[in-house]
Each structure stands twice: as C-alpha cells, then as structure tokens.
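Chain and residue survey
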Amino acid sequence: MVFFRVVCAVLFSSMAGYAFAKLKFRGKKLLFGIVLIQMSLPSQIFIIPQYQMVAKMGMANTVFGLVFPGLVSAFGVFFLRQTYMSIPEEVGEAAYLDGCNQWQTFYKIMFPLTGTSVAALTIFTAVFAYGDLMWPLVVNSDLKMMTLSSGLSTLKGQFTTNFPVLMAGSLLAMLPMVVLYLIFQRQFVEGIAGTGGK
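So, how was this worked out
Residues numbered from 1 in each chain as written. Predicted model: local features only at pLDDT ≥ 70, side-chain atom pairs only at ≥ 80, totals over all residues. Heavy atoms only, no water. Phe/Tyr/Trp six-rings, centres within 6.5 Å; stacked < 30°, edge-to-face > 60°. Helix = DSSP H or I, 4+ residues; strand = E, 2+ residues; numbered from the N terminus. Lys NZ or Arg CZ within 6 Å of the ring centre and 35° of its normal. Core = buried A, V, L, I, M, F, W, Y, C linked by side-chain atoms within 4.5 Å. Buried < 20%, exposed > 50% of the residue type's maximum accessible area, 1.4 Å probe, protein only. Contact = heavy atoms within 4.5 Å. Axes fitted to C-alpha atoms, helices over the stretch in contact; angles between N-to-C directions. Parallel < 35°, antiparallel > 145°, perpendicular 65-115°, else oblique. Left-handed = near helix turned anticlockwise from the far one by under 90°. Nonpolar A, V, L, I, M, F, W, Y, C, P; charged D, E, K, R; others polar. Salt bridge = Lys/Arg side-chain N within 4 Å of Asp/Glu carboxyl O. Patch = residues over 30% accessible without salt bridge, like charges linked within 9 Å, V, L, I, M, F, W, Y side chains within 5 Å. Areas by Shrake-Rupley, 256 points an atom, 1.4 Å probe, with all protein chains shown as cover.

1. Quick look at the packing of aromatic side chains
Counted under the stated rule, the structure contains 15 aromatic pairs. With 5.6 Å between their ring centres and 70° between their planes, F3 and F4 make a pair best called edge-to-face. Considering the side-chain rings of Y84 and F106, the 6.4 Å spacing of their centres and the 50° angle between planes classify their relative orientation as tilted. Of the two residues, Y84 is situated in helix α5 (residues 74–85) and F106 in helix α7 (residues 102–113); the sequence distance between them amounts to 22 residues. Feature note: the residues Y18, Y84, W103, F106, Y107 and F111 constitute an aromatic cluster, connected by ring pairs. Its guanidinium or amino end placed over the ring of F32, R81 lies 4.2 Å from that ring's centre, counting from NZ or CZ.

2. A closer look at the nonpolar core
L80 and Y84 are the most contacted members of the largest nonpolar core, which totals 20 residues. Going through the elements one at a time, α1 (2–22), α5, α7, α8 (115–131) and α11 (163–183) are the ones with two or more residues in this core. The leading source of residues in this core is α8, at six residues. Beyond its immediate stretch of four places on either side in the chain, Y84 contacts S14, G17, Y18, A21, K22, F106, M110, F111 and T114. Grouped together as the second largest cluster of nonpolar side chains are six residues, I47, V54, L66 and W135 included.

3. Re the packing of α1 against α8
The geometry of α1 relative to α8 is characterised by a closest axis approach of 9 Å and an angle of 140° between their N-to-C directions. Considered as vectors, α1 and α8 are oriented oblique to each other. Considering how the two elements wind past one another, α1 and α8 form a crossing that is right-handed. Taken together, the residues of α8 that come into contact with α1 (itself represented by V2, R5, V6, A9, V10, S13 and S14) are V118, L121, T122, T125, A126, A129 and Y130. Considering only residue class, the contact of α1 with α8 consists of nine nonpolar, four polar and one charged.

4. Some thoughts on the pattern of salt bridges
Working definition: two side chains of opposite charge can pair if their charged atoms are close together. Applying the stated rule across the entire model yields two salt bridges. Measuring nitrogen to oxygen at the nearest pair gives 3.3 Å for the salt bridge that ties R5 to D132. With a gap of 127 residues between them, R5 in helix α1 and D132 in the loop between α8 and α9 (134–139) connect regions that are remote in the sequence. Of the two residues, R5 and D132, both sit in the buried class. Put simply, E89 and K22 hold a salt bridge, and the shortest N to O gap is 3.5 Å. One end of the pair, E89, is in helix α6 (residues 89–97); the other, K22, is in helix α1, and 67 residues separate them in sequence. Using a relative accessible area of 15% as the deciding quantity, one classes K22 as buried.

5. Topic: a nonpolar patch on the surface
Side chains of L171, L172, M174, L175, V178, Y181, L182 and V189 sit close together on the surface and give an oily, nonpolar patch of about 730 Å² of accessible area. The element best represented in the nonpolar patch is α11, accounting for seven residues. With respect to the helices, strands and loops of the structure, L175 is situated in helix α11.

6. Concerning the environment of M85
Here M85 shows up in helix α5. A relative accessible area of 27% means that M85 is categorised as partly exposed. Through-space distance from the C-alpha of M85 to that of V2 is 28 Å; in sequence the pair is 83 residues apart.

This is the structure:
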C-alpha cells in the first residue's frame, strides 16, 4: 500500500506542480487556490465522500481502496510547485529551443532537477501512509486487508491488553520508517532546505 501511494503521489504531484509553476493556462490561480484550501482543511472531513466513491466503484476491501485517498497529495503539489518555481525559466526555454515539447521538457529536464525534493516528498508520503489509521479501518472490514497500524489497534482489547505484545509490535512497526529516514536523510534535509528560496 505504501509503495503505491508513494508512486502515485510523487507522479501526480510532480506533473501538477510543474503545471502550476511553469505552464500558463486559464484558471491556474483559482485551481491552485483550491489546492491550498484543501491543504488547510482536516483530512477527516473527506472520509465520508471518499468512502462513498470507493463503495460505488466496488473497491472496498481492496488495495485500490486503501490507496485511493493518497492518489493525489495537495501538500505534494504545493511542495513540488515551490521546487519548480526555483528552477530558472531559461532551463525550459533552452529545452524548447533544442526541440523538446512540454512533456519532454518535464520528464527529461525538469523532473531530474527535483531529485532532493522528490526524495523528501517520498519520505513524507511514506510516513503518512504507513501511519494512517483511520482510513484503513473505515474502508476495510476484511482482516486480511488490514494495514500494520490498523492491525496494531486490534491488539488492544476492550477489557484487557497484552502491553508487552503491543509495545513489541509498535517497535517493529517503527523500524522501517527509521531505516527509510536514515537512508534518505541527506536528500530529506536538502529537499526541505531547497524549497525555501530561489
């Protein structure tokens, strides 16, 4: 689940961030304003509409149902837009003069320049997806489709709880994210620092 959410969030956020930063089209400011509004709203208010959409598609208790809310990330769009804004316009103009169309300019020139920001977004998305508790409990009733965080919540009983088992499970659940951060620590710090200015 984490892998699919990360891939979708990075792919769609990169394309949308590039469009908002470098392309000129009607309604760009309005659409970006909607992205900013969506960022400022708590994610819990979207649970009922998202569940209704997943249920109407017949995708409850599936991997797609788990991934659905993370297909597009408003934070990722904003984050990568700031990165693309810091790339000089001359880079895109040089690619155009060399014969690249917009799509080639994006994936051959611009996207490779955002490596550190993409790594930072990957870590953010992975951590949020890995620790997501509410959505997997809402969309899945099948025990086989539970994520690790929702599975840990089932270890807490109504009357008694085996705390040593719960703490051991929590420690094991924490280790992959710590390892991910340690591997990509340099890219994470550079990605955060690089989005602040031009």
